[in-house]
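# Observations on chain architecture
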Amino acid sequence: MFYKLCLTLFGLLWALSAWSQQREEQLAYVERYAGLAVWEMERTGIPASIKLGQAILESRWGTTDLARIANNHFGIKCGGVWAGSYYMKEDDDYDARGNLIPSCFRQYESAEASFVGHSEFLKDPLKADRYGFLFDLDPADYKAWARGLKKAGYA
């Protein structure tokens, strides 16, 4: 009985320790990129909370292969106009037979370049029909931006 209790307590302490470390890593991610998100908000009008929130969701706090290897914290695919470096990985693209095929994702020199690239992606004149209306919204109204991005079909 005592042995089982010790094992249970050890397991709980180990889990708590792992959770605590994960929280520290998440806080470190926010601290590292919050200033950049604010700078991009001032430069482009995209709310810092939206930018940071999307980076967190898309990159799982910077832990995905796409974020770690390709410095792509927003899951932005190459598209037809990307002429830079790229990273291939399976995502949600299929061939004519219905087989999953690798998708082309933009690769950036740094995470910071990814944050700037995200802004440029949303502000791209070729995408104005899709995202242009967002820039008429108040940058302080993150809820309107979140609804707008959903309406625009941003993944």
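Figured I'd write up the structure that's included with this text. The numbering scheme is per chain: residues are counted from 1 as the chain's sequence reads. Owing to the predicted nature of the model, reporting of local features is limited to residues with pLDDT of at least 70; listing and counting of side-chain atom pairs is limited to 80 or more, with chain, interface and lining totals taken over all residues. Water and hydrogen atoms were dropped before computing side-chain values, which therefore reflect all heavy atoms in the structure.

A few words now on the overall build of the protein. Only DSSP runs of H or I covering at least 4 residues are called helices, and only runs of E covering at least 2 are called strands; the numbering of each starts at the N terminus. Along the protein, the regular secondary structure elements total six helices and two strands. Looking at the protein as a whole, 34% of its 155 residues are labelled buried. We call two residues contacting when some pair of their heavy atoms lies within 4.5 Å. Across the protein, contacts joining residues at least 24 apart in sequence account for 51% of those joining residues at least 6 apart. Residue-level accessible areas treat just the shown protein chains as cover; the underlying method is Shrake-Rupley with a 1.4 Å probe. Roughly 10100 Å² of accessible area belongs to the protein as shown, and the carbon and sulfur atoms make up 58% of that amount. The buried label goes to any residue with under 20% of its type's maximum accessible area, the exposed label to any with over 50%, and the partly exposed label to all in between, with areas taken from a 1.4 Å probe on protein chains only.

For any pair of aromatic rings, the description consists of the separation of the ring centres together with the inter-plane angle of the planes. Think of it this way: a Phe, Tyr or Trp ring, Trp meaning its six-membered ring, pairs with another when their centres are within 6.5 Å, and the plane angle makes it stacked under 30 degrees, edge-to-face over 60, tilted otherwise. In total, this model carries nine aromatic pairs according to the counting rule given. With 6.2 Å between their ring centres and 65° between their planes, Tyr 131 and Tyr 154 make a pair best called edge-to-face. With Tyr 131 in helix α5 (residues 128-131) and Tyr 154 in the segment after α6 (142-152), this residue pair connects regions lying 23 residues apart in the sequence. Tyr 131 sits in the buried class, given a relative accessible area of 2%. Overall, the relative accessible area of 14% leaves Tyr 154 in the buried class.

Our focus in this paragraph is the state of the cysteines. A covalent bond bridging the sulfur atoms of two cysteines is what the word disulfide describes. Cysteine sulfur atoms are paired as a disulfide whenever they fall within 2.5 Å. Overall, the coordinates contain one disulfide when judged by the stated rule. Each sulfur in the disulfide pair Cys 78 and Cys 104 lies 2.0 Å from the other. Disulfide Cys 78-Cys 104: torsion about the S-S bond near -65°, hence left-handed. Note that Cys 78 is positioned in the loop between α3 (65-70) and β1 (86-94) and Cys 104 in strand β2 (residues 100-106), a separation of 26 residues in sequence.

Within the secondary structure, Lys 127 sits in the loop between α4 (111-123) and α5. When its relative accessible area of 18% is taken as the criterion, Lys 127 is described as buried. The contact partners of Lys 127, leaving out residues within four places of it in the chain, are Phe 121 and Gly 132.

Interaxial distance between helix α2 (residues 48-59) and α6 falls to 9 Å at its minimum, and their mutual angle equals 50°. Judged by the inter-axis angle, α2 sits oblique to α6. Counting all contacts with α2, which are made through Ser 49, Ile 50 and Gln 54, the residues of α6 involved are Tyr 142, Trp 145, Ala 146 and Leu 149. Any residue outside Ala, Val, Leu, Ile, Met, Phe, Trp, Tyr, Cys, Pro, Asp, Glu, Lys and Arg is labelled polar, Gly included; the first ten of those are nonpolar and the last four are charged. In terms of residue class, the contact of α2 with α6 is built from five nonpolar, two polar and no charged. Every angle, taken between N-to-C directions, lies between 0 and 180 degrees, and every axis is a line fitted to C-alpha atoms, over only the stretch in contact when it is a helix. An angle counts as roughly parallel when it lies under 35 degrees, as roughly antiparallel when it exceeds 145, as roughly perpendicular when it falls between 65 and 115, and as oblique in every other case.

The sheet contact formed by β1 and β2 spans seven bridges and is antiparallel. In the sheet register, Tyr 86 faces β2, and the bridge partner there is Arg 106. Strand pairing is defined by DSSP finding a minimum of two bridges between the two strands. Counting the residues that bridge the hairpin from β1 to β2 gives five residues, and of these Gly 98 lies at a positive phi of roughly 90°.

Attention now goes to the nonpolar core. Here, nonpolar core refers to any group of buried Ala, Val, Leu, Ile, Met, Phe, Trp, Tyr and Cys residues whose side-chain atoms link them within 4.5 Å. Of all hydrophobic cores here, the largest spans 23 residues; its most connected members are Phe 115, Tyr 131 and Tyr 154. Going through the elements one at a time, α1 (2-44), α2, α4 and α6 are the ones with two or more residues in this core. No other element matches α2, which puts five residues into this core. Not counting chain neighbours up to four residues away, the residues in contact with Tyr 154 comprise Gln 54, Glu 58, Phe 74, Ile 76, His 118, Phe 121, Leu 122, Arg 130, Tyr 131 and Leu 149.

Within the secondary structure, His 118 sits in helix α4. Non-local contacts of His 118, meaning those with residues more than four positions away in its chain, are made with Lys 51, Gln 54, Phe 74, Ile 76 and Tyr 154.

So, on to the pattern of salt bridges. Here, a salt bridge means any side-chain nitrogen of Lys or Arg that lies within 4 Å of a carboxyl oxygen of Asp or Glu. In the structure shown here, the tally under the stated rule is eight salt bridges. The residue Lys 77 makes a salt bridge to Asp 93 at a minimum N-O spacing of 3.2 Å. Of this pair, Lys 77 sits in the loop between α3 and β1 while Asp 93 sits in strand β1, and the two are 16 residues apart along the sequence. Note on Asp 93: relative accessible area 28%, which makes it partly exposed.

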